[in-house]
Amino acid sequence: MIPILFEATESSFTSNGIGRLTDATKCEVTEERNGQYELVLEYPVKGRLSDEIQPGRYIYAIHDDSKSPQAFQIYRVSVPVEGVITANAWHISYALNTIICEPFTAGSCTQAIAGVKTHSMNTNPFTFWTDKSVTADFELKVPASARAVLGGMLGSILDIYGKGEYEFDMYLVKLHLNRGANRGVSIRYSKNLTKLDQTLDASNVYNSCVPYWTNDETSVISDTIITRTGETPKQTIALDLSGEFDEAPTLVGLKARAQAKMDQSDNYVLKENLKIDFVALWQT
């Protein structure tokens, strides 16, 4: 589809908005697993709507054959270089950074993700869903942004309940145990595969830790390395669990919490990124 430009006040995205960006020379979306979800648009300064591309407004675009269009809010517009404007925009779900959750507790992943909605202190237009049935105690001790509660802070839902993958579909937030499905499409060398780039990243991989707790008066530090169950230590980090306990834990309690985190985390997995270019034969 041709990207559509909308006002900053838009919420329904059912019209042609300010107009379709037919002159755009590039519209590229990057979506990382539980991470960055942004759009980059390049538009000629002589294009019909060049003056309308402004921070705060939305670019409505599609980047996946299996998904509906998504809204991306412009946060930066570059000075034209060689007659081309570059606009950077983040997914509408980044609005969760400005929605604050009050402290609350939950006993399961289902209750915790529902609590992000019910304990929002300001208007929250998002809905939340998960297929993870993990039970464990969750506690938000101080106010935090809804997006940080979902993942990105110590003690977040993703941190407490382990492996999972978020999907942001406009105002719907889904936490999948495993995201994706087999749709019967295959990519084969010499048939529809045109390019394959593979990157392996071991920069943040670890499977063991030395946990500790500290405040201004005292510290509790593990006297042994805590390793993911069934494995031998390969790369070890110092793990600060000061935010996990209201007061100094016992050494046994500290180790138990660290063991649970090691077993629930997927940071022991070598990070692999595949960039594949292929011909969508079903469209030809």
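What counts and how
- Residues numbered from 1 in each chain as written.
- Predicted model: local features only at pLDDT ≥ 70, side-chain atom pairs only at ≥ 80, totals over all residues.
- Heavy atoms only, no water.
- Helix = DSSP H or I, 4+ residues; strand = E, 2+ residues; numbered from the N terminus.
- Contact = heavy atoms within 4.5 Å.
- Areas by Shrake-Rupley, 256 points an atom, 1.4 Å probe, with all protein chains shown as cover.
- Expected span 1.5 Å × (residues − 1).
- Buried < 20%, exposed > 50% of the residue type's maximum accessible area, 1.4 Å probe, protein only.
- Arc of directions from axis to C-beta.
- Phe/Tyr/Trp six-rings, centres within 6.5 Å; stacked < 30°, edge-to-face > 60°.
- Lys NZ or Arg CZ within 6 Å of the ring centre and 35° of its normal.
- Pairing = 2+ DSSP bridges.
- Salt bridge = Lys/Arg side-chain N within 4 Å of Asp/Glu carboxyl O.
- Core = buried A, V, L, I, M, F, W, Y, C linked by side-chain atoms within 4.5 Å.
- Axes fitted to C-alpha atoms, helices over the stretch in contact; angles between N-to-C directions.

As for the overall build of the protein
Thought 1: Along the backbone of the protein there are four helices and 20 strands.
Thought 2: Partitioning the contacts of the protein with sequence separation of at least 6, the portion at a separation of at least 24 is 61%.
Thought 3: For the protein, the accessible surface area stands at approximately 15,900 Å², while carbon and sulfur atoms represent 50% of it.

Overview of helix H4 (residues 251-264)
Thought 1: Relative to the 20 Å expected for 14 residues at 1.5 Å per residue, H4 spans 20 Å between its end C-alpha atoms, a close match to the ideal helical length.
Thought 2: All of the buried residues along H4 are Leu254, Ala258, Lys261 and Met262. Around the axis of H4, the buried residues are gathered within 100° of arc, so they sit on the same side.
Thought 3: In this structure, the buried side of H4 is in contact with helix H3 (157-161), strand E16 (208-214), strand E17 (219-221), strand E18 (226-227) and strand E19 (236-240).

Re the packing of aromatic side chains
Thought 1: Summed over all chains, the structure comprises 10 aromatic pairs.
Thought 2: Plain terms: the ring middles of Phe6 and Tyr60 are 5.8 Å apart, the flat faces sit at 85° to each other, and that makes the pair edge-to-face. Taken together, the positions of Phe6 in strand E1 (residues 4-6) and Tyr60 in strand E5 (residues 58-61) put the pair 54 residues apart, joining distant regions of the chain. Taken individually, Phe6 and Tyr60 each receive the classification buried, so the pair is uniform in this respect.
Thought 3: An angle of 20° between the planes, with centres 5.9 Å apart, marks the rings of Tyr166 and Phe168 as stacked. In this structure, Tyr166 and Phe168 share a single accessibility class: buried.
Thought 4: Aromatic rings pair up to connect Phe6, Phe13, Tyr58 and Tyr60 into one cluster.
Thought 5: Lying across the ring of Trp129, Lys174 places its NZ or CZ 5.7 Å from the centre.
Thought 6: Taking the ring centre of Phe245 as reference, the NZ or CZ of Arg257 above it sits at 4.6 Å.

Some points on the sheet that holds strand E2 (residues 19-20)
Thought 1: The strand order across the open sheet formed by seven strands is E2-E1-E5-E6-E7-E4-E3, and the pairing between neighbours is antiparallel. Two strands lie at the open edges of the sheet, namely E2 and strand E3 (26-31), each paired on one side alone.
Thought 2: Bridge analysis of E1 against E2 gives two bridges, and the strand direction is antiparallel. Paired with Ile4 across the bridge in E2 is Arg20.

Some thoughts on the pattern of salt bridges
Thought 1: Per the counting criterion, the structure on display carries eight salt bridges.
Thought 2: Measuring nitrogen to oxygen at the nearest pair gives 2.7 Å for the salt bridge that ties Lys255 to Asp223. Linking Lys255 in helix H4 with Asp223 in the loop between E17 and E18, this pair joins segments that are 32 residues apart in sequence.
Thought 3: We classify Lys255 as partly exposed; its relative accessible area is 22%.
Thought 4: Judged by its relative accessible area of 56%, Asp223 is exposed.

Quick notes on the pairing of strand E10 (residues 127-130)
Thought 1: Taking every second residue as pointing to the same face, the buried face of E10 carries Phe128 and Thr130, while none of Thr127 and Trp129 on the other face is buried.
Thought 2: Judged from the four bridges that link them, E10 and strand E14 (residues 172-176) form a sheet pairing that is parallel. Bridge pairing links Thr130 to Leu175 in E14.

Quick notes on the environment of His119
Thought 1: By the element assignment, His119 lies in the loop between helix H1 (109-118) and E10.
Thought 2: When its relative accessible area of 24% is taken as the criterion, His119 is described as partly exposed.
Thought 3: Spatially, the C-alpha atoms of His119 and Phe104 are 7.2 Å apart, while their sequence positions differ by 15 residues.

Observations concerning the nonpolar core
Thought 1: Grouped together as the largest cluster of nonpolar side chains are 40 residues, with contacts concentrated most on Leu96, Phe138, Leu150 and Ile157.
Thought 2: In this view, Leu150 contacts Leu96, Ile113, Val116, Phe128, Ser156, Ile157, Leu158, Tyr166, Phe168 and Val173; residues no more than four positions away in its chain are not counted.
Thought 3: Tyr206, Cys209, Trp213 and Leu254 belong to the second-largest nonpolar core, a separate cluster that totals 11 residues.

So, the environment of Thr98
Thought 1: For Thr98, the location among the structural elements is in the loop between strand E7 (84-91) and strand E8 (100-101).
Thought 2: Separated by 46 residues in sequence, Thr98 and Ala144 place their C-alpha atoms 9.4 Å apart.

Section: the sheet that holds E10
Thought 1: The three strands lie next to each other as E10-E14-E13, forming an open sheet whose pairing is mixed. Each edge of the open sheet is held by one strand with a lone partner, namely E10 and strand E13 (165-169). The mean angle between the axes of side-by-side strands here comes to 15°, regardless of whether they run parallel or antiparallel.
Thought 2: Pairing between E13 and E14: five bridges, direction antiparallel. Among the inter-strand pairings, Glu165 is bridged to a residue of E14, identified as His176.
Thought 3: Here H1 sits on the sheet in contact with E10, E13 and E14, set at roughly 170° to E10.

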